[in-house]
Amino acid sequence: MLDKFAIARLLRELGTLLELEGENPFKVRAYENGARAVEALADLSARVEAGSLTEVSGIGEALAKKIAELHRTGRLELLERLRAKHPPGILELLRVPDLGPKKIAALHAALGIGTIAELEAACRDGRVRAVKGFGEKTEEKILEGLGRMRARAAERRVLLADALATGEALLAHLREDPAALAVALAGSARRGKETVGDLDVVAASRDPGALSAQLVAYPLVARTIARGETKTTVELASGLQVDLRVVPPEDFPTSLHHLTGSKAHQVKLRGIARDSGFTLSEWGLHRLPPDPVGAQDAPPDPAAKVPIASEAELYAALGLQPVPPELREDTGELEAARAGELPLDLVRIEDVRGMVHCHTTWSDGRASVEEMARAAEALGMEYLTVTDHSPTASYAGGLDEDRIRRQWDEIARVQEKVKVRLLRGTESDILEDGALDFPDRILERLDVVVASVHSRMKMDEDAMTRRLVRCMSLPVFKIWGHALGRLLLDRPSFACRVEEVLDALAASRGAVEVNGDPRRLELEPRWLRAATARGIPVVLSVDAHSVQNLRYLENAVTVARRGWVRRGQVLNTRPAEAFRKAVRPVP
DNA sequence: GCCGTTTTCGGCCCGACTGTTTTCAGTCG
């Protein structure tokens, strides 16, 4: 049986194939909307059973039938027919920059092109320029796009932390130009997405040309891809693409909002604007004329412009609560904002009182217990958990029973010297059979047990699910560390039935970790929402192996906010003693 | 394909940039 994410993926594929068929673009969008709606469902199976899918906004009769069929059988006749009709390579072609469904269809009809290799050969032979609507430049552009695509496949996306660092340096360069009145990072980096494909920058200026020139002159710019009146696109030496939009200061808030996205959030918001008698674009919010007949294509009347001084004002003008950037993914935030049900107390970094999940030189950390303690104290923390690795993690210098007892002595000595409260803990391996690798007589004397999978990650879904469920049923199980073991850009999450595991975690009254290591950043937002919906509390952790790593707390906060996690749901926003009581292995 | 205090048809977000066009189509975000 397919889960909701698999079904959403197939609906998207179907939408793409219909797009290639030249179908009505609004129909294509309906499939995308339907896919999103399915992903957001908490009770897909129940709704399929009850036949109540059509009650969900975005799912009508036709999609409900298809979803039910996919859910029941895992197959869909229309999808299989379209897959058979289009060469398998054709979906690949859609990933070539500047090549969309229309051009692909034209190339397929005229030259029989159905794969990347055939496309490249046709461009090199000069056959493409002979097709109506294509020319020499397009041919060059496609070849260039193919090169870029390969470079991108090698570089792939970048980690959020790297994107933010690159972005901040670039912003500093742009701010050096006196023509820059305001400069901000927008796009997925501002929304805090785990990985970032390109940087979006918005600037306020009376002289857009000057800022465009300032961007092009940035030493790390490898080449200019597009340069217009208000919009400039460049590629950095790293392969990262940067889009700069320059607008007059009065349009900065709406432009920042526009460029922050996400696209799905924008589209829905503009629909809401239209329903309320406005039209919304990056150039601002305009009142629609009372009788729109014949006025659709007319540019907005400048007199109809609603002054907008901030993003919050924009939402307010549309009768909505302000939506924080991290939530703008069209996963229910606009519906909540309209109903006044958006959480106003999303966790913030200043709410956090304790550094959780810290390694020291006792295992594979680079700083001593005392150095970590003093650094946490300097950051204003009330407590820090020392959670070095356990015996099985020999590759990471895991502690055995004898060494962890000696570590407790050192923790006690350091505690004499520092104000920050030190909590004794471990990051214990979850073994293949779901057991932990310290005996209970050790675990019961600890304040904090983070339990994580570090080995045998290629087990099949059944075995991994059983392993985790079994571990969570242990009385000493308290915190699920870096849940699914992924390493961004490197290693996917291991296979398991996450919702089943979360059910077990809820039953055991355990907590889930949000790991701030920039390569981990899990549990990811969609599962975080599934966790808090089950009443599972959250721990924001740094997984720090050095003093510098304590800054990872910021990453954990971002991920938690993207998962709609509220202050009260985070255990380490509580004072030390309350935190200890909530997570200690014995009641 | 979805949706409805303009409801069963006719709408559906909006604009910038590029290239092949001589007024616009395609792509992108």
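Predicted, not measured: the structure shown is a model, and the values here were computed from it. (Residues numbered from 1 in each chain as written. Chains lettered and ligands numbered in written order. Predicted model: local features only at pLDDT ≥ 70, side-chain atom pairs only at ≥ 80, totals over all residues. Heavy atoms only, no water.)

1. Focus on the overall build of chain A
Selection criterion: Each helix is a run of H or I in the DSSP string that is no shorter than four residues. Each strand is a run of E no shorter than two, and both are numbered from the N terminus. Note on method: radius of gyration uses C-alpha positions; expected globular size equals 2.2 Å times residues raised to 0.38. Each residue is placed in one exposure class: buried if its accessible area under a 1.4 Å probe, protein chains only, is under 20% of its type's maximum, exposed if it is over 50%, and partly exposed if it falls in between.
A tally of regular secondary structure across chain A gives 24 helices and 17 strands. A compact globule built from 587 residues should have a C-alpha radius of gyration of about 25 Å, and chain A, at 27 Å, falls within 12% of that. In terms of overall dimensions, chain A has C-alpha extents of about 80 × 60 × 55 Å along its principal axes. Going through the 587 residues of chain A one by one, you find that 53% of them count as buried.

2. A word on the sheet that holds strand E17 (residues 538-544)
Operational definition: Strand pairing follows a simple DSSP-based rule, namely that at least 2 bridges must link the two strands. Any two residues whose heavy atoms approach within 4.5 Å at even a single point are treated as in contact. In this analysis, axes come from line fits to C-alpha atoms, helices being fitted only over the stretch in contact, and the angle between any two N-to-C directions falls in the range 0 to 180 degrees.
Strands sit in the order E11-E12-E13-E14-E15-E16-E17 around a closed barrel of seven strands; the barrel is parallel. Here strand E11 (residues 354-358) runs beside E17; their pairing, made up of two bridges, is parallel. What sits directly across from Val-356, in E17, is Ser-541. Lying over the sheet, helix H17 (residues 369-378) contacts E11, strand E12 (383-389), strand E13 (421-429) and E17, oriented at roughly 145° with respect to E12.

3. Overview of the pairing of strand E9 (residues 284-287)
Alignment of strand E8 (residues 278-281) against E9, held across four bridges, turns out to be antiparallel. What sits directly across from Ser-281, in E9, is Gly-284. Sheet topology note: the E9/strand E10 (residues 305-306) ladder contains two bridges and is antiparallel. The residue of E10 that forms the bridge with Leu-285 is Val-306.

4. Digging into the pattern of salt bridges
Close approach of charged atoms allows side chains with opposite charge to pair. What counts is decided by this rule: Every case where a carboxyl oxygen of Asp or Glu lies within 4 Å of a side-chain nitrogen of Lys or Arg is listed as a salt bridge.
Per the stated rule, a full pass over the model turns up 52 salt bridges. Across the salt bridge formed by Arg-129 and Glu-139, the nearest N and O atoms sit 2.7 Å from each other. Here the residue Arg-129 occupies a position in the loop between helix H8 (116-124) and helix H9 (136-155), and Glu-139 occupies one in helix H9, the gap between them amounting to ten residues. Overall, the relative accessible area of 39% leaves Arg-129 in the partly exposed class. With a relative accessible area of 3%, Glu-139 lands in the buried category. The shortest N-O distance in the salt bridge between Arg-191 and Glu-329 comes to 2.8 Å.

5. Some thoughts on the packing of H17 against helix H18 (residues 401-417)
Rule in force here: Here the word oblique covers every angle except those under 35 degrees (roughly parallel), over 145 (roughly antiparallel) and from 65 to 115 (roughly perpendicular). Crossing handedness: left-handed means the near helix sits turned counterclockwise from the far one by under a right angle, and right-handed means the same turn made clockwise. Ten residues, namely Ala, Val, Leu, Ile, Met, Phe, Trp, Tyr, Cys and Pro, are considered nonpolar, four, namely Asp, Glu, Lys and Arg, are considered charged, and the remaining ones, Gly among them, are considered polar.
Viewed as axis vectors pointing N to C, H17 and H18 meet at an angle of 40°, and their least axial separation amounts to 10 Å. By the angle between their axes, H17 is oblique relative to H18. H17 and H18 meet at a crossing whose hand is right-handed. Judged by residue contacts, Val-369, Glu-370, Ala-373 and Arg-374 of H17 engage Glu-410, Ile-411, Val-414 and Lys-417 from H18. Across the contact of H17 with H18, the residue classes break down as four nonpolar, no polar and four charged.

6. Thoughts on empty space enclosed by the protein
For the record, the criterion: Note on definitions: the grid is 1 Å and covers protein atoms alone; a cavity is a set of points where a 1.4 Å probe fits but cannot get out; a pocket is an open set with protein on both sides within 12 Å along at least five of seven lines; lining residues have an atom within 4 Å of a point. Grid points are joined across faces, edges and corners, and a volume is the space filled by probe spheres set on the points.
All told, the structure shown has one cavity of 30 Å³ or more when counted by the stated rule. In this model, the largest cavity occupies a volume close to 30 Å³. Every residue lining the largest cavity is listed: Thr-254, His-257, His-258, Gln-266, Arg-270, Leu-280, Ser-281 and Leu-314. For the lining of the largest cavity, the secondary-structure elements that each account for two or more residues are helix H13 (252-260), helix H14 (263-275) and E8. A total of three residues in the lining of the largest cavity trace back to one element, the largest contributor, which is H13. Of the residues contributing to the lining of the largest cavity, the split by class is two nonpolar, five polar and one charged.

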